[in-house]
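# Architecture at a glance
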Amino acid sequence: MKNLKMLALNRYKNLKIKYKLIVFILILLLVCLSFIIIGFQYAFNTYDEQIYRKSSQVLIMSSNRIEDELKNIEEVTYKVATDSVIQDALTDSYESLSKYEKFRIEQEIWEKLTSYIGSENYIQSIHLFNRDGKEFRAGRAPSKNLYNHKGTLIKTAENGSGGNVWMSLEGSNNTIFSTREIRSYKRLRFENLGSLIVEVRLHEIVDELSSEREGEGFIAMSKGDDMFFVEDPTIDLSAIDLSADDPQGYKIQQMLGRSNFVTYSKSPYMDWTYWSVIPFDTMFAKVTMIKYMVIFLFLAIMISAIYLVVRFSKRITNPIENLVSAMKYVERGDFKVADTFTPSQYHDEVGILHQNFIQMIERINDLIKENYEKQLLLKDTEFKALQSQINPHFLYNALESINWLAKINQQQQISQMVESLGFLLRNAISIQDDVITVREEVKMVEHYVTIQRYRFEERLEFSLSVDEEVKDCVLPKLVIQPLVENAIIYGLERMIEPCNIHVSVLKEGDYLQLAVEDNGPGMDKEQLDKVRKGEMKTRGTGIGLRNIDSRIKFVFGSEYGLQIDSELNKGTKVSITIPYQKRWDYVQSTIGR
């Protein structure tokens, strides 16, 4: 059988183009006929199963959407119950206070409750009752049923032991209530501070899902044998008699004077059962729609077949004409034709010619571009080499002139700043050594701080602790100075009062410990995580912390590096651990590697 298929396929490949066209049309018509037969068979034999699957999927999706919104609201009630402002206000409300203090507490609670209402679209109102029964409310006007069953709601909240409890009240078909006991979590006392009741517009949540369901029908919700919500407000709850033994399924039931296709699904969330009720006349309308769709599909396939035959004939001649036209452009010396030429997607003779033509043009273009880029690179290298010789000497001479001019005019501050700036520039631009001594690095830091002291004056309090025995140890160039700059940018510049920046370089065993500390605003945990991951953009020299850490690991190994510690409103400390090595020890270890 396999050999027969291969033989038929080979014979088809060897046919002339006009015979290939005839075979193609015949196969297409056979495919159309097969689709018609399979389509009708599928429509009539599997209709009931498809209807159930679709109804079940829509019901599960709707229930998940409803529960997601209720869980969001449940999260809001948790935030309200644990809000520090509300906790403090409820605690203070039991003390003997003046009228102003009582008004301030009520205002604080109202503002907090209002802010939480804005986070959810479906909250009707939020009610907060303290132990004395005093109410704090925010939101729209609540239903009368809430106050009629106030005692029951508060009792249910207290029985929940701080957890959220959902309740439906008789006569409140459009709303549902979330209750939660508020307990004091400070010092782990967990004493009762009051009860929280949130009225939720359940009908609006369900209404937003109506656009996703086709045809008539409605959604209902029950807990046990209690039917507490029906989407259609005109339907009396007592007129609906639904019961289910299995967690999920469907049935046909007489209800409201007609036959209905009922799909149900039980949810573990609050032990609710969701019901989807669709009239049978809607089901038959869908069967008719499927029949017309199959007929339309057949007509569409036939029209497509005619269109494809016409396009197929054009595809035989059009690729050859495009290739001839492209060759004429190449003949005139225009090699950019490859950018606009669309090759054939088939692997017949014309397709192979197209591919070979494109490859030839691309190779010629690559050779021309490569030669041109080499010439540009050579010129650019020569220019940058000359520029690198001129710029540093010009800067040094200019700074030296400014320094002498400042000294002549007895401007000692300007002279010191220029000398420090010149020292920093000379060491930063110098490429002779990637590794320098602690003595040299500390000197750069002192010159940098000299400049910054003239800028910030008494706001900058800088101190330096360097052991005498570590001054000849080696470390990567420009390690401490960028950390001091970061402390100024992210610590000092964000403070009004003076900022204390302390740099220490100490020996601990076989290691050299460097640290830069400040008492600036610090960072919270989220900001600290971003800094450690290198996600915060630098505003200083551009030599980021990750850059410094990478250079340390490159010079001394992956076991060494940089550590950041910070607390909000307490300051930041950046520590560096490297091996205790003097220059000769470092050279020997480098040769050994």
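Position labels on residues start from 1 in each chain and follow its written sequence. Only residues with pLDDT of at least 70 get local features here, since the model is predicted, and only at 80 or more are side-chain atom pairs given and counted; chain-wide, interface and lining totals rely on the full set of residues. The side-chain figures draw on all heavy atoms in the structure; neither hydrogens nor water molecules are used.

## Remarks on the sheet that holds strand β5 (residues 192–201)
Put simply, the test is: Note on pairing: two strands pair once DSSP finds at least 2 bridges between them. Runs of H or I in DSSP of at least four residues are treated as helices and runs of E of at least two as strands, each being numbered from the N terminus. Axis definition: a line fitted to C-alpha atoms, limited for helices to the stretch in contact. Angles are taken between N-to-C directions and run from 0 to 180 degrees.
The five strands are arranged β2-β1-β5-β4-β3 in an open sheet whose pairing can be described as antiparallel. On the outer flanks of this sheet lie β2 (135–139) and β3 (165–167), each paired with one strand and no other. Looking at each pair of strands side by side, their axes are set apart by 20° on average, direction ignored. Bridge analysis of strand β4 (residues 175–183) against β5 gives nine bridges, and the strand direction is antiparallel. Bridge assignment links R183 to a residue of β5, and that residue is N192.

## Comments concerning the nonpolar core
Burial of nonpolar side chains together is a common tendency in soluble globular proteins. Cut-off, in case you're wondering: Side-chain atoms within 4.5 Å are what join buried Ala, Val, Leu, Ile, Met, Phe, Trp, Tyr and Cys residues into a set we call a nonpolar core. Exposed residues in this analysis have more than 50% of their type's maximum accessible area, buried residues have under 20%, and partly exposed residues fall in between, with area computed by a 1.4 Å probe over protein chains only. Every residue pair with non-hydrogen atoms within 4.5 Å of one another is taken to be in contact.
Among the nonpolar cores identified, the biggest contains 45 residues, and I480, V484 and I576 are the most heavily contacted of them. Top contributing element to this core by residue count: helix α13 (residues 438–456), with seven residues. Those residues in contact with I480 that lie beyond four places of it in its chain are E441, V445, L475, V503, V505, L514 and V516.

## Quick word on the packing of aromatic side chains
Put simply, the rule is: Centres within 6.5 Å make a pair out of two Phe, Tyr or Trp rings, where for Trp the six-membered ring is used; the pair is then stacked when the planes are under 30 degrees apart, edge-to-face when over 60, and tilted otherwise. Whether a charge sits over a ring depends on NZ of Lys or CZ of Arg being within 6 Å of the ring centre and within 35 degrees of the ring normal.
What the rule picks out here adds up to four aromatic pairs. When the centroid spacing of 5.3 Å and the interplanar angle of 40° are considered together, the rings of Y264 and W275 count as tilted. Highlighted residues: Y264 in strand β9 (residues 258–267) and W275 in strand β10 (residues 272–279), separated in sequence by eleven residues. Residue classification places W275 among the buried residues on the basis of a relative accessible area of 1%. Between W272 and Y274, the aromatic rings sit 6.4 Å apart at their centres with planes inclined by 65°, giving edge-to-face as the arrangement. Each member of the pair W272 and Y274 is classed as buried. Cluster of aromatic residues (ring-pair linked, three or more members): Y511, F556 and Y560. Sitting above the plane of the Y580 ring, K507 keeps its charged end 4.3 Å from the centroid.

## Remarks on the sheet that holds strand β6 (residues 218–223)
One key point about sheets: their strands pair by backbone hydrogen bonds, in either a parallel or an antiparallel sense. Strand order in the open sheet made by the five strands is β7-β6-β10-β9-β8, with antiparallel pairing throughout. Looking at which strands have only one partner, the edges of the open sheet turn out to be β7 (226–230) and β8 (248–255). Averaged over neighbouring strand pairs, the angle between their axes works out to 30° when direction is ignored. Pairing of β9 with β10, which is carried by eight bridges, proceeds in the antiparallel orientation.

## As for helix α16 (residues 545–556)
How we decide: Here a helix's expected span is defined as the number of its residues, less one, multiplied by 1.5 Å.
Taking 1.5 Å of rise per residue, the twelve residues of α16 would be expected to cover 16 Å, and the 17 Å separating its terminal C-alpha atoms lies within 8% of that figure. Within two residues after α16, G557 carries a phi angle of roughly 125°, on the positive side.

## Focus: helix α7 (residues 150–159)
Keep this limit in mind: The directions considered for the arc run from the helix axis to the C-beta atoms.
Regarding α7, the residues found buried are L153, I154, T156 and A157. Projected down its long axis, α7 carries its buried residues within an arc of 160°, all on one side. Set apart from the buried face of α7 by more than 90 degrees, the exposed residues are G151 and N159. The first or second residue beyond α7 is S161, which carries a positive phi of 55°.

## Regarding the environment of I123
The topology assignment puts I123 in strand β1 (residues 123–130). C-alpha separation for the pair I123 and I176, spaced 53 residues apart in sequence, amounts to 9.9 Å. What I123 contacts, discounting residues up to four positions off in sequence, is I73, V76, Y116, I117, V198, E199 and R201.

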